[in-house]
Amino acid sequence: MYALIVEPQPRRAHLLVAAAEAEGLDPAVARSDDEARAILAARGPPAACVLELTVANVDGFRLLSELRAYTPRVPAVVVSAFAELRDTAWKQRHALCIAVVLSTDLELAPVRHALRTALGQVTPPHRHPDSDVDPRREARRRARLHATHLTLTKNPAGQLDALMAEVVEAWEVDAAMCVVVDEHETLIAHAGLRGRVTLEPRTSRELGIARHVVDAVGGEALVVLDAANHPTFSQNALVREGVVRAFVGLPLEATDGTVFGAVCLLHGGELALSHEEVHALHRFAGRVSGELEVLRSHGGRAAREDLQFAVHHLSAVLEHLEHPVALWDVHHRLMLANPALAQRLGREASDLVRMNRAGFCEVLGMHVDDPGFVEMVRGLPAAPTLLSEEVELGGRVYRWSTKPLELPGGHGQLDVWLDVTAEKELSRAALTDSLTGLANRRGAEAFIRRELARAQRTGAPLAFLLVDIDHFKRVNDTLGHAEGDRVIREVSQCLRRTLRGSDVAARWGGEEFLCVLPETELTAARATAERVRLAVQGASWPADCVVTVSIGSAQLAAGENPEAAIGRADAALYVAKDGGRNRVA
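Residues numbered from 1 in each chain as written. Predicted model: local features only at pLDDT ≥ 70, side-chain atom pairs only at ≥ 80, totals over all residues. Heavy atoms only, no water.

**Q** How do you make sense of the pairing of strand β16 (residues 396-407) when you look at a structure like this?
**A** The side chains of a regular strand alternate between the sheet's two faces. Bridge analysis of strand β15 (residues 387-393) against β16 gives seven bridges, and the strand direction is antiparallel. Across the sheet, the residue bridging to L393 is R396, located in β16. The turn linking β15 back onto β16 is made up of two residues, and G394 within it adopts a positive phi angle of 60°. Relative to strand β17 (residues 410-419), β16 is paired through ten bridges, and the arrangement is antiparallel. In the sheet register, P404 faces β17, and the bridge partner there is Q413. (Pairing = 2+ DSSP bridges. Helix = DSSP H or I, 4+ residues; strand = E, 2+ residues; numbered from the N terminus.)

So, in structure tokens, the structure goes:
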């Protein structure tokens, strides 16, 4: 059996391949719709497919429709950074045989669970995928806008209009615009050299391009190559009128990674863009972000002597930083590579200074196993640019960023490599139980907060199960703590295999587990608990060892806090134990 994976982004494709292989599937990866069609023609129907909904050279909705005509019942896992596209996919899940809808902030375990769901090994979710915008992220973005006064920039001297004209000509589209999104959308630059597109602020608002991009996960580009046949955008007035047929939205990012707006390309006909071309457009958006950063930071140029003094002292400070730093001059040659960067690259700092980007990237490519990142650094334009990426260097994870810096004679670029390895590991470890791989108590509490907010908003039911291993002390005393740990791990696997993709199981205490069941009433929760009980009872256990669980259940009442409901599940658990154990109450 094979899994068809349609994903042009190499890092994401690598994770999807790993998930497919872990589930015993042979992954076949396509980077475009045409490659996917070729695989289907050569290999026949897959056991399952995993695909992006709207990216370069991939129209997931169209591909799924073709797949349904070719073979009606191949289950799909669909992925998108955009909430409205995920919403459309969810609404069409029955017609397109979509088993699971995922956001693009993927991790291995949820993707594996999604594949098991698609293969019919796990009950599919019955609730809408989470498509809400994080209010904290929205608040941070607006605070950034207000602090930098970007909405007041208004494109002085027409620099941004010139950039919009450049991208229109280079990519042969009808129009381009630069939009900043706050409470409203503000059009601050545009160019329309040909075509029927009427460039007014309403164009971006009515299509929703900038808002989609700002709300997306992870700074993704919105690529719609044929909106006229797209289930989300085909009914838009501008699309129906034939004014816009294809469009691309590219995120504008601040130095801290906050997306504050978008560069939007509009075209009256269809477009064809490769993954590499979308990357090039991302770099162009970085130039626009860089120009906005320059306009924000340098309303008037400092005196040449002041700049020289500042650069001299900046160099002295960077020498002592633990983070790798590179300072590029106005001719894109290295002015400074601090000792931390030289050490990571296995060179002396003096060997790196005066290198151009091509020479530096030759050295960088020996230590970074990501050709796309190296090529991006090599191809950075001479114009001010603001970009950030995560990359592995020397076995560590870094958040690399580049931003424009005013120097005598023009603008250079400052590159900073921030080591976020510990942050990545801690954020994952902080919410995960090390023995079982389930959520820990803190992770469960975070999930409960989200589900409580949704239940209060929608009125959907929410249920809890408390699962306790019967006579666990006897297991430890008889077989030892190592075997006791194995029992705990096996019970956790029973929970994984039995619960739905929308449910969460957590290790709540030593041998106690909490299951959170969204959109589940008490009767259904008890049915789930019975399946868990039977799964544990029927699992493979050591000789002379019988392992069972007792389970208490409760449904959140109107106006009740989760602690009270979990307390009632705990009371029910004791009823199950008092009734003889290995039962549900």
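That shown, we press on.
**Q** What am I meant to see in helix α23 (residues 562-578) here?
**A** Since there are 3.6 residues in each turn of an α-helix, residues three or four apart along the chain are aligned in direction. In this model α23 runs 24 Å from its N-terminal to its C-terminal C-alpha over 17 residues, within 8% of the 24 Å that 1.5 Å per residue would give. Residues of α23 that are buried sit in contact with α19 (441-458), β18 (462-469), β20 (512-518) and β21 (549-555). Its side-chain oxygen at 3.2 Å from the backbone nitrogen of E563, N561 defines the N-terminal cap of α23. After α23 finishes, the residue G580 shows a positive phi value of roughly 120°. (Expected span 1.5 Å × (residues − 1). Contact = heavy atoms within 4.5 Å. Polar contact = N/O pair within 3.5 Å; in protein donor to acceptor, adjacent residues only side chain to side chain.)

**Q** Help me understand the sheet that holds strand β14 (residues 334-337), please; the structure alone is not making it clear to me.
**A** Hydrogen bonds between backbone groups are what pair the strands of a sheet, and the pairing can be parallel or antiparallel. With respect to topology, five strands assemble into an open sheet ordered β14-β13-β17-β16-β15, the strand pairing being antiparallel. The two strands at the open ends of the sheet, each matched to only one other strand, are β14 and β15. For this sheet the average axis-to-axis angle between neighbouring strands, irrespective of direction, equals 20°. Contacts from helix α17 (residues 371-378) reach β15, β16 and β17 within the one sheet, and its direction differs from that of β15 by about 135°. (Axes fitted to C-alpha atoms, helices over the stretch in contact; angles between N-to-C directions.)

**Q** What is the right way to read the environment of M177 from this model?
**A** On the secondary structure map, M177 appears in strand β8 (residues 175-181). Exposure remark for M177: the relative accessible area of 1% places this residue in the buried category. Separated by 16 residues in sequence, M177 and D161 have C-alpha atoms that sit 8.3 Å apart. (Buried < 20%, exposed > 50% of the residue type's maximum accessible area, 1.4 Å probe, protein only.)

**Q** Quick question: what am I supposed to make of the nonpolar core here?
**A** For soluble globular proteins, the rule of thumb is that nonpolar side chains tend to be buried together. Among the nonpolar cores identified, the biggest contains 51 residues, and L64, V78, L222 and F247 are the most heavily contacted of them. Here L222 is in contact with F82, L85, I209, H212, V213, F233, F247, V248 and G249, once residues within four sequence places are set aside. Membership of the second largest hydrophobic core comes to 32 residues, among which are L252, L271, V278 and F284. (Core = buried A, V, L, I, M, F, W, Y, C linked by side-chain atoms within 4.5 Å.)

**Q** Teacher, can you tell me more about the packing of aromatic side chains here?
**A** Given two aromatic rings, their pairing is described by the distance between the two centres and the angle made by the two planes. Within this structure, the stated rule accounts for five aromatic pairs. Between F373 and W400, the ring centres sit 5.3 Å apart and the planes meet at 90°, which makes this aromatic pair edge-to-face. A residue pair is termed long-range when its members are at least 10 positions apart, and F373 in helix α17 and W400 in strand β16 qualify at 27 residues. F373 gets classed as buried once you look at its relative accessible area, which sits at 3%. Between the aromatic rings of Y398 and W417, the centroid separation amounts to 6.3 Å while the plane-to-plane angle is 80°, which identifies the pairing as edge-to-face. Separated by 19 residues along the polypeptide, Y398 in strand β16 and W417 in strand β17 bring together distant segments of the chain. The same class applies to Y398 and to W417, which are both buried. Site record: aromatic cluster; members linked through ring pairs are F373, Y398, W400 and W417. For the cation-ring pair, R357 lies above W328, with the distance from its terminal atom to the ring centre recorded as 4.1 Å. (Phe/Tyr/Trp six-rings, centres within 6.5 Å; stacked < 30°, edge-to-face > 60°. Lys NZ or Arg CZ within 6 Å of the ring centre and 35° of its normal.)

**Q** Quick question: what am I supposed to make of the state of the cysteines here?
**A** Among covalent bonds in proteins, the disulfide is the one between the sulfur atoms of two cysteines. One pass over the structure, following the stated rule, counts zero disulfides. Here C178 is not disulfide-linked; the sulfur of C264 is the nearest cysteine sulfur, at 8.4 Å. A relative accessible area of 0% means that C178 is categorised as buried. (Disulfide = S-S within 2.5 Å.)

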